[in-house]
Amino acid sequence: MIDAGADLAVPRRRDAAGRRALEAVLRAGLAFHGGCCGTGPGYRPRTPREVRERLALAGRTGMPLTKALAVADPTRMPFNDRPRP
């Protein structure tokens, strides 16, 4: 059992790609717990392609996987957030 959080929106049963992306997010340790004032859990990838893009970001920059998966747009990430080698 995983405590995925109250803000989890499970993909439809027919959406196999969405379910694979959700599995990757949950296995990485991210959850869907809402923040204060209804802000929600933040960005979470919804497709395997989005997961792959964030895995590549983590590999390129050395960023922890949980942080990379929560990045909304890996192509527009500010330079100062990238870890230095």
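It should be emphasised that the depicted structure is a prediction, and the values quoted were computed from it without experimental measurement. In this convention, every chain numbers its residues from 1, walking through the sequence in written order. Whole-chain, interface and lining totals are the exception, using all residues; otherwise, since this is a predicted model, local features are given only for residues with pLDDT of at least 70 and side-chain atom pairs are given and counted only at 80 or more. Each side-chain value is derived from all of the structure's non-hydrogen atoms; neither hydrogens nor water enter the calculation.

Participant: So what exactly am I meant to see when it comes to the overall build of the protein here?
Facilitator: The helix and strand tally for the protein stands at three helices and zero strands. With a 1.4 Å probe rolled over the protein chains alone, any residue whose accessible area is under 20% of its type maximum counts as buried; one over 50% counts as exposed, and the rest are partly exposed. In the protein, buried positions account for 29% of the 85 residues. Residues are treated as being in contact if the distance between any of their heavy atoms lies within 4.5 Å. Relative to all contacts within the protein whose residues are 6 or more apart in sequence, the contacts with residues 24 or more apart total 45%. A run of H or I in DSSP counts as a helix once it spans at least four residues, and a run of E counts as a strand once it spans at least two, with each numbered from the N terminus.

Participant: Looking at this structure, I do not really get the pattern of salt bridges. What am I missing?
Facilitator: Oppositely charged side chains can pair when the atoms bearing their charge come close. We count a salt bridge whenever a side-chain nitrogen from Lys or Arg sits within 4 Å of a carboxyl oxygen from Asp or Glu. One pass over the full model with this rule turns up three salt bridges. Here Arg27 and Glu23 are joined by a salt bridge, their closest N and O atoms 2.9 Å apart. Within this pair, Arg27 and its partner Glu23 are both found in helix α1 (residues 16–28), separated by four residues, close to a single helical turn. Through salt bridges with shared partners, a single ionic network connects Arg49, Glu53 and Arg54.

Participant: I keep staring at α1 and nothing clicks. Help me out?
Facilitator: What sets the pattern is the α-helix's 3.6 residues per turn: residues three or four places apart point alike. The span one expects for a helix is its residue count, reduced by one, times 1.5 Å. Taking 1.5 Å of rise per residue, 13 residues should cover 18 Å, and α1 covers 19 Å from first to last C-alpha, within 8% of that figure. Those residues of α1 that are buried lie in contact with α2 (48–61) and α3 (65–69). Note on α1: the residue one or two positions beyond its end, Gly29, has a positive phi of about 105 degrees.

Participant: Could you clarify how one ought to interpret the layout of surface pockets in this entry?
Facilitator: Regions of empty space are outlined by a rolling probe, equal in size to a water molecule, passed over the atoms. Space inside and on the surface of the protein is sampled on a 1 Å grid over the protein atoms alone, with a cavity defined as a set of points where a 1.4 Å probe fits but cannot get out and a pocket as an open set with protein on both sides within 12 Å along at least 5 of 7 lines; lining residues have an atom within 4 Å of a point. Grid points are joined across faces, edges and corners, and a volume is the space filled by probe spheres set on the points. In this model, the largest pocket occupies a volume close to 280 Å³. Along its surface, the largest pocket is lined by 15 residues, and Ala9, Phe32, Arg44, Pro45 and Arg46 are the ones closest to its centre. Ten residue types, Ala, Val, Leu, Ile, Met, Phe, Trp, Tyr, Cys and Pro, are classed as nonpolar, four, Asp, Glu, Lys and Arg, as charged, and the remainder, Gly among them, as polar. Class assignment for the residues of the lining of the largest pocket results in nine nonpolar, two polar and four charged.

Participant: Even after reading the chapter, I still don't get the packing of aromatic side chains, so can you show me in this structure?
Facilitator: Note on aromatic pairs: each is described by the distance of the centres and the angle between the planes. Think of it this way: a Phe, Tyr or Trp ring, Trp meaning its six-membered ring, pairs with another when their centres are within 6.5 Å, and the plane angle makes it stacked under 30 degrees, edge-to-face over 60, tilted otherwise. Enumeration over the complete set of coordinates arrives at zero aromatic pairs. Whether a charge sits over a ring comes down to the Lys NZ or Arg CZ being within 6 Å of the ring centre and within 35 degrees of the ring normal. Between the NZ or CZ atom of Arg44 and the centre of the ring of Phe32, over which it lies, the distance is 5.7 Å.

Participant: Can you walk me through the side chain of Arg44 in this structure?
Facilitator: Mapped onto the elements, Arg44 comes out in the loop between α1 and α2. Counted as positive: Lys and Arg. Counted as negative: Asp and Glu, with His and the chain ends omitted from the count. Asp7 is the oppositely charged side chain nearest to the buried, salt-bridge-free Arg44, at an N-O distance of 8.9 Å.

Participant: Mind showing me how you'd approach the environment of Ala9 here?
Facilitator: Here Ala9 shows up in the segment before α1. Sequence separation of Ala9 and Leu22 is 13 residues, and the distance between their C-alpha atoms is 9.4 Å.

Participant: For this particular structure, what's the right way to read the confidence of the model for the protein?
Facilitator: Regions with low pLDDT carry predicted coordinates that are not meant to be interpreted in detail. Every residue is assigned a pLDDT by the predictor, reflecting its confidence on a scale from 0 to 100. Here the protein averages 83 in pLDDT, and 85% of its residues register 70 or above. Mean pLDDT per element in the protein: α3 is the minimum at 90, and α1 is the maximum at 92.

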